[in-house]
Amino acid sequence: MGRYILRRLVQGVITVWFIATATFFAMHNVPGDPLQSDKAVSAEIRANLEARYGLDKPLMEQYFIYLANMAQGDFGISFTQQNREVNDIIAEHFRISAALGILAIAFAALGGILWGALTALYRNRLPDIVIMLLVILGISVPGFVFAGLGQLGVVNLNAALGFTLFPVGGWGTVSHMIVPALVLGLGTMAFLTRLMRSSMLEIANADFLRTARAKGLPANRIFRKHQLRNAILPVVTVLGPSIAAITTGGFVVELVFAIPGLGRYFVQAVQQSDYTVIMGTTVFYGAFLVFMVIVVDIIYGFVDPRVRLE
Amino acid sequence: MALLEVSDLHVEFDTYGGTVHAVRGVDFRLDEGQTLAIVGESGCGKSVTVQSFTGLIPMPPGRIVRGGATLRGHDILGGGRIDGKEVRGREIGMIFQDPMTSLNPTMTIGDQIAEPLQVHAGMKRRTAHARAVELLEMTRIPEPAKRAEQYPFEFSGGMLQRAMIAMALSCEPSVLIADEPTTALDVTIQAQILDLMVDLQRENGMAIALITHDLGVVARMADEVLVMYAGQVVERGSVDDVFYRSAHPYTLGLKAAMPTNQSEGEQDLQPIDGSPPDLFAPPEGCGYAARCPFAMEACQGQPPPVYGIRAAAADAYDHESRCWLHHEDCDIAAEGVHKGE
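Being a predicted model, the structure only gives us computed values, none of them experimental. (Residues numbered from 1 in each chain as written. Chains lettered and ligands numbered in written order. Predicted model: local features only at pLDDT ≥ 70, side-chain atom pairs only at ≥ 80, totals over all residues. Heavy atoms only, no water.)

## Section: the interface of chain B and chain A
Listed as interface residues are 27 residues of chain B and, on the opposing side, 21 residues of chain A. For the pair chain B and chain A, the summed buried surface comes to about 2,000 Å²; carbon and sulfur atoms form 57% of the total. The interface formed by chain B and chain A holds two salt bridges in total. Of the charged contacts, one joins Glu115(B) and Lys215(A) as a salt bridge, the two residues approaching to 2.9 Å between their closest N and O atoms. One can count 13 residue pairs in polar contact (both at pLDDT 80 or more) joining chain B with chain A. Every element with two or more residues in the side of chain B that touches chain A is listed here: strand S8 (92-95), helix H2 (109-120) and helix H5 (157-168) of chain B. (Contact = heavy atoms within 4.5 Å. Buried area = accessible area lost by both parts, 1.4 Å probe. Salt bridge = Lys/Arg side-chain N within 4 Å of Asp/Glu carboxyl O. Polar contact = N/O pair within 3.5 Å; in protein donor to acceptor, adjacent residues only side chain to side chain. Helix = DSSP H or I, 4+ residues; strand = E, 2+ residues; numbered from the N terminus.)

## Quick notes on the confidence of the model for chain A
Detail in the predicted coordinates should be disregarded across regions flagged by low pLDDT. Residue-level pLDDT values for chain A average 86, and 99% of them are 70 or greater. Put simply, helix H2 (residues 43-53) of chain A is where chain A has its lowest mean pLDDT, 82, and helix H5 (residues 126-140) of chain A is where it has its highest, 91. (pLDDT = per-residue confidence, 0-100.)

## A closer look at the packing of aromatic side chains
According to the stated counting rule, one finds 13 aromatic pairs over all chains in the structure shown. With a centroid separation of 5.0 Å and 75° between ring planes, the pair formed by Phe266(A) and Tyr285(A) is classed as edge-to-face. Of this pair, Phe266(A) sits in helix H11 (residues 262-271) while Tyr285(A) sits in helix H12 (residues 275-303), and the two are 19 residues apart along the sequence. Here the aromatic residues Phe24(A), Phe25(A), Tyr63(A), Phe64(A) and Tyr66(A) are joined through ring pairs into a cluster of three or more. Lying over the aromatic face of Phe155(B), Arg147(B) brings its terminal NZ or CZ to 4.7 Å of the ring centre. (Phe/Tyr/Trp six-rings, centres within 6.5 Å; stacked < 30°, edge-to-face > 60°. Lys NZ or Arg CZ within 6 Å of the ring centre and 35° of its normal.)

## Some points on the sheet that holds strand S4 (residues 62-71) of chain B
All names here are of chain B. With antiparallel pairing, the four strands of this open sheet are ordered in space as S2-S1-S4-S5. Each edge of the open sheet is held by one strand with a lone partner, namely strand S2 (18-30) and strand S5 (74-75). Looking at chain direction, strand S1 (residues 4-15) and S4 are connected through eight bridges and run antiparallel. Across the sheet, the residue bridging to Glu5 is Thr70, located in S4. Together, S1, S2 and S4 form the strand contacts of helix H1 (residues 46-53), whose direction differs from that of S1 by roughly 105°. (Pairing = 2+ DSSP bridges. Axes fitted to C-alpha atoms, helices over the stretch in contact; angles between N-to-C directions.)

## Considering the side chain of Asn158(A)
In this structure, Asn158(A) sits in helix H6 (residues 143-161). The contact partners of Asn158(A), leaving out residues within four places of it in the chain, are Phe163(A), Thr164(A), Leu165(A) and Phe166(A).

## Details of the side chain of Arg84(A)
All names here are of chain A. Within the secondary structure, Arg84 is located in the loop between helix H3 (59-71) and helix H4 (86-121). A polar contact is formed between the side chain of Arg84 and the side chain of Glu92, at a distance of 3.0 Å. Among the polar contacts listed, one links the side chain of Arg84 to the side chain of His93, at a separation of 3.3 Å. Dropping the residues within four chain positions of it, Arg84 is found in contact with Ile77, Ser78, Ile89, Glu92, His93 and Tyr265.

## Considerations on the pairing of strand S9 (residues 175-179) of chain B
Side-chain direction in a regular strand flips from residue to residue, so the side chains alternate between the two faces of the sheet. All names here are of chain B. Within S9, five of the five residues are buried, which leaves the element mostly enclosed by the surrounding structure. Of the two faces of S9, the one lined by Val175, Ile177 and Asp179 and the one lined by Leu176 and Ala178 are each fully buried. Of the pairings in the sheet, the one linking S8 to S9 comprises four bridges and is parallel in character. Directly across from Ile92, in S9, lies its bridge partner Val175. As defined by bridge partners, S9 adjoins strand S10 (residues 207-212) across five bridges and the pair is classed as parallel. In the strand pairing of S10, Val175 is matched with Ala207. (Buried < 20%, exposed > 50% of the residue type's maximum accessible area, 1.4 Å probe, protein only.)

Next up, the structure:
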């Protein structure tokens, strides 16, 4: 088990190094650089600035300097936001994105398992048909549409209640989080519902469920201990990629709900060619996802006894 | 009173292609300590018969049209209850064809065996678990305490079937229904499992209903035999009657199609030509008529009644055959068909 985790972590570091390298060279190949601005800059000033930031050095040398700094946990200083360290940006804003993402994942997983189990129980009857229709909407309609609809709903709800139950945007309290997290988790919830439904139906015909009935067990025990427990396994498997989808997809929802998460910096940095912030956020997101996938794999080892972590 | 009695059982399945008449009037009785074998080819309704009265077929699409099932005189049709207590697992234990898929892959063997004890006998988890280890030992699984902590994927097929038997017998049922228990196992393991069942039966006196298509298993295990064809019982009798005084042409066909290990004579296997009738629309007459070498005109149009075959010693008719050949006016000399003394 310890050896397994160690090996996975080493593999993870290699993956992150690869992400960093690919991003670094892709970034430098994009036309433009962070020193470009609307104002006319004389060649002399520009040369001074380049020397100041080390951009005059050969690309490979920049790369190795960058790797050496990154290995020490130093992502450098933002080009466009004066004197702000990339580490500070991540520390301050990722907390917010993470809180939103975790809540969204929780909604998605719980909702997916619940709705999936429900549709399987009511197969081809009204609840199943209605929920599966909503699932198709949830999968095919993009997140920003739901974000707008969510805000509209919140406005109407608050107007009907006469007080502000959920704020329309911003960040700070739990009530700020709920609606954006629901919106963010919706697509994944829909996907997990479908997965859970098909998994439940597949297991409904399994021989071991017939054995459970032949043992004369009560229906709810059969459902909990034999059907649900086994049907959840595929859902756990896709949780890793789902976390990826939700954390990287958070940007749009954060923008609509005016949430100061990391996603905004992630996108802005690319537009402004803010080299250090691009590298910092990309490598950080990459490392985070690699880590979450490892965590999910370890959890899977506990959920399914057939998986041995060696 | 018979321990288990099934009478006039009719089961149908609704499918897109129409209604399948899977079981068309099956009766049998099972007495304490007795072994009844139900024989027949795939699709003849053997499994549906036992799984329908125990409530294991999905309904819908399955449907018990009519019939009854009683255990010690109590109605249990569809897996019912006696005095508010569940019959399945307590009074009737069941094991199935494929032990590899018949156990829950995410639960330890010990927990699965302990489950009926917790539910039916109200045992605490710890006591039930201790009992599960004893049961594993009883089914001759080495290192039962260690094995109880393992999961099904760590067991071999034969071991899993032993675990299934331990589970089925955990609440000391009076009836064990074994639905092709050895079909998925290789031959040496088959013999071990059958021996185990015989030994356990000797110890606790349970009755066994054994479903199989293997006549070798029947000869080894059964007291009484039920031969089924196209959803009906075509012949019934003691194992000697059915094997040595076969009274139905289908039974003869099955025997001729059975491989033997006798080299003298070099007998070829004789398969039964044709295939079973379409149970979407069962034939009006005898279901076997289209494949029967002795078929007469009457066989096509009218369903044959059940005839008692008179035994040599007594007047008893405990041997029955559903075939027109036994009609008193029938003078066809059907070679091999036993017509009574």
